[in-house]
Amino acid sequence: MLYYIFQYLDKAFDVPGAGVFQYITFRSALAFIMSLSIATIYGKKIINFLRNQQVGETVRELGLEGQTQKAGTPTMGGIIIILATLIPVFLLAKLNNIYVILLIITTLWMGTIGFIDDYIKIFKKDKQGLKGIFKVIGQVGLGVIVGSVLYFSPEVTVRKDTLGERVKIENNTNPTKLEEKSTATTIPFLKNNEFDYAEVLSFMGDDYKNYAWLIFIPMVILIITAVSNGANLTDGIDGLAAGTSAISVLTLGLFTFVSGNIIFSDYLNIMYIPNSGEMTIYVSAFVGALVGFLWYNAYPASVFMGDTGSLTIGGIIAVIAISIRKELLIPVLCGIFLAENLSVMIQVSYFKYTKKKYGEGRRVFLMSPLHHHYQKKGYHESKIVTRFWIVGILLAIFSLVSLKLR
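To start, this report covers the structure provided alongside it. If you're wondering where the values come from, they're calculated on a predicted model, not measured in any experiment.

Calculation notes
- Residues numbered from 1 in each chain as written.
- Predicted model: local features only at pLDDT ≥ 70, side-chain atom pairs only at ≥ 80, totals over all residues.
- Heavy atoms only, no water.
- Helix = DSSP H or I, 4+ residues; strand = E, 2+ residues; numbered from the N terminus.
- Rg over C-alpha atoms; globule rule 2.2 N^0.38 Å.
- Buried < 20%, exposed > 50% of the residue type's maximum accessible area, 1.4 Å probe, protein only.
- Contact = heavy atoms within 4.5 Å.
- Axes fitted to C-alpha atoms, helices over the stretch in contact; angles between N-to-C directions.
- Parallel < 35°, antiparallel > 145°, perpendicular 65-115°, else oblique.
- Nonpolar A, V, L, I, M, F, W, Y, C, P; charged D, E, K, R; others polar.
- Phe/Tyr/Trp six-rings, centres within 6.5 Å; stacked < 30°, edge-to-face > 60°.
- Lys NZ or Arg CZ within 6 Å of the ring centre and 35° of its normal.

1. A word on the overall build of the protein
Turning to step 1, where the next piece is worked out: Looking only at helices and strands, one finds 15 helices and two strands in the protein.
Turning to step 2, where the next piece is worked out: For 406 residues, the compact-globule estimate of 2.2 N^0.38 gives 22 Å, and the C-alpha radius of gyration of the protein, at 22 Å, lies within 12% of that figure.
Turning to step 3, where the next piece is worked out: Overall, the C-alpha framework of the protein stretches about 75 × 60 × 35 Å when taken along its three principal axes.
Turning to step 4, where the next piece is worked out: Looking at the protein as a whole, 50% of its 406 residues qualify as buried.

2. Observations concerning the environment of Ile-273
Turning to step 1, where the next piece is worked out: Considering the arrangement of structural elements, one finds Ile-273 in the loop between helix H9 (262–268) and helix H10 (279–297).
Turning to step 2, where the next piece is worked out: The spacing of Ile-273 and Lys-191 is 82 residues in sequence and 19 Å in space, taken between C-alpha atoms.
Turning to step 3, where the next piece is worked out: The residues touching Ile-273, leaving out its near neighbours within four places in the chain, are Tyr-99, Thr-157, Val-158, Ser-259, Gly-260, Ser-323, Ile-324 and Arg-325.

3. Describing unusual backbone geometry
Turning to step 1, where the next piece is worked out: Residues Tyr-299 and Pro-300 are joined by a peptide bond in cis, for which omega reads -5 degrees.
Turning to step 2, where the next piece is worked out: One can find Pro-300 in the loop between H10 and helix H11 (306–323).
Turning to step 3, where the next piece is worked out: Residue Pro-369 is bonded to the preceding Ser-368 through a cis peptide linkage, with omega at 0 degrees.
Turning to step 4, where the next piece is worked out: Tracing the chain through its elements places Pro-369 in the loop between helix H13 (335–358) and helix H14 (370–376).

4. So, the environment of Gly-56
Turning to step 1, where the next piece is worked out: Relative to the helices and strands, Gly-56 is located in the loop between helix H2 (24–52) and helix H3 (78–92).
Turning to step 2, where the next piece is worked out: The class of Gly-56 is buried, set by a relative accessible area of 16%.
Turning to step 3, where the next piece is worked out: Separated by 270 residues in sequence, Gly-56 and Lys-326 have C-alpha atoms that sit 38 Å apart.
Turning to step 4, where the next piece is worked out: Each residue touching Gly-56, except ones within four places of it in the same chain, is listed here: Gly-72, Thr-73, Pro-74, Thr-75 and Ile-122.

5. Structural notes on the packing of H13 against helix H15 (residues 381–401)
Turning to step 1, where the next piece is worked out: Where H13 meets H15, the closest approach of the two axes is 9 Å, and the angle between their N-to-C directions is 120 degrees. The orientation of H13 relative to H15 falls into the category oblique. Within the contact between the two elements, H13 uses Gly-335, Ile-336 and Glu-340 and H15 uses Phe-388, Val-391, Gly-392 and Leu-395.
Turning to step 2, where the next piece is worked out: In terms of residue class, the contact of H13 with H15 is made up of four nonpolar, two polar and one charged.

6. So, the packing of aromatic side chains
Turning to step 1, where the next piece is worked out: Counting across every chain of the model gives 14 aromatic pairs.
Turning to step 2, where the next piece is worked out: With centroids separated by 4.2 Å and ring planes inclined at 5 degrees, the aromatic side chains of Phe-6 and Phe-21 adopt a geometry described as stacked. Placement of Phe-6 in helix H1 (residues 2–13) and of Phe-21 in the loop between H1 and H2 is noted, with a sequence separation of 15 residues between them.
Turning to step 3, where the next piece is worked out: With a relative accessible area of 25%, Phe-6 lands in the partly exposed category.
Turning to step 4, where the next piece is worked out: Between Tyr-151 and Phe-216 the ring centres are 6.3 Å apart and the planes differ by 35 degrees, which places this aromatic pair in the tilted class. Note that Tyr-151 is positioned in helix H5 (residues 132–152) and Phe-216 in helix H7 (residues 213–234), a separation of 65 residues in sequence. The same class applies to Tyr-151 and to Phe-216, which are both buried.
Turning to step 5, where the next piece is worked out: The rings of Tyr-151, Phe-152, Phe-195, Tyr-197 and Phe-216 are connected pair by pair, giving a single aromatic cluster.
Turning to step 6, where the next piece is worked out: Looking at Arg-362, its charged tip hangs above the ring of Tyr-358, at a distance of 4.0 Å from the centre.

Shown next as structure tokens:
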């Protein structure tokens, strides 16, 4: 809203300083400050409200040190993250931008699924929460929406020409259309690093590109489901999910900025994605919300994010990565989520296999997800969180290096 107000003031009355709102960097910085302030100042009030409503965490006995002390800690703290993100976005972002719209839908959609799950756990006294099949249906539904919009919307385009070619074309009396629809994505660390999902269907004949959605949309569904579940599994000890997510999202923010900037995308030889730079405002607000939430979620936590927060975080990260064609970098950038996911899959699969073969189940890890394995080994949770953050920072740096290391 503020963006449109100041844009009007600048054009209609030439108000000094109003023009600064046209710059993504200024609005991004303001979004971060605003979201951080909302999360820290009003976070306490939300926590007190949750406590008064007896929205406390029910802790299952897993034999972990310090576990019983967490019982009764307010959960559903993801509400803080959602509100602290959306308020600055509504005030500072271009609300007609297709990417911003998709991120708002993702936030509300995944936040609702997580809220229902937390509500069932707390008020219905069902520790299992929302049945897994319904969570998957929700994730698939979001994947269909996001994938369909990114594939069919005429507002989602890429420009692969270089800056020099762009100048020549734009100066031509019969200019060629610079923007095009594409299902191309980026393969990290390769020199010729573009891969078009449509190429998988090249065996179907000359018009195979018309059916690229058969590959693209299922890929979007798979990525959203995997990343949101990974974030959900990572949310197990104080500050772990919020901290690692903030690192990943901040890195994606740098990618959105360069992908939406003609000069930087040309210098880095990456796809220029028109209008994608506006996501930087959303990313900045989201990072500010996560950092502000950490004020209360750091050990010992005053509030837990619950599935309201963790599913939302995963969904947002996935949609940002897909939008800027960096989804194949997720296994590196979100390596913590991947490790948590794999630890559960390995543990469950090996347990079932050994139970069938030997009559009793055996385990690879002392407990899964992975962070619980280290807790069982006697590491204090604050040390686990700090070391996971360090690994997350290294993975983020490695991801950024992929811009030039090919």
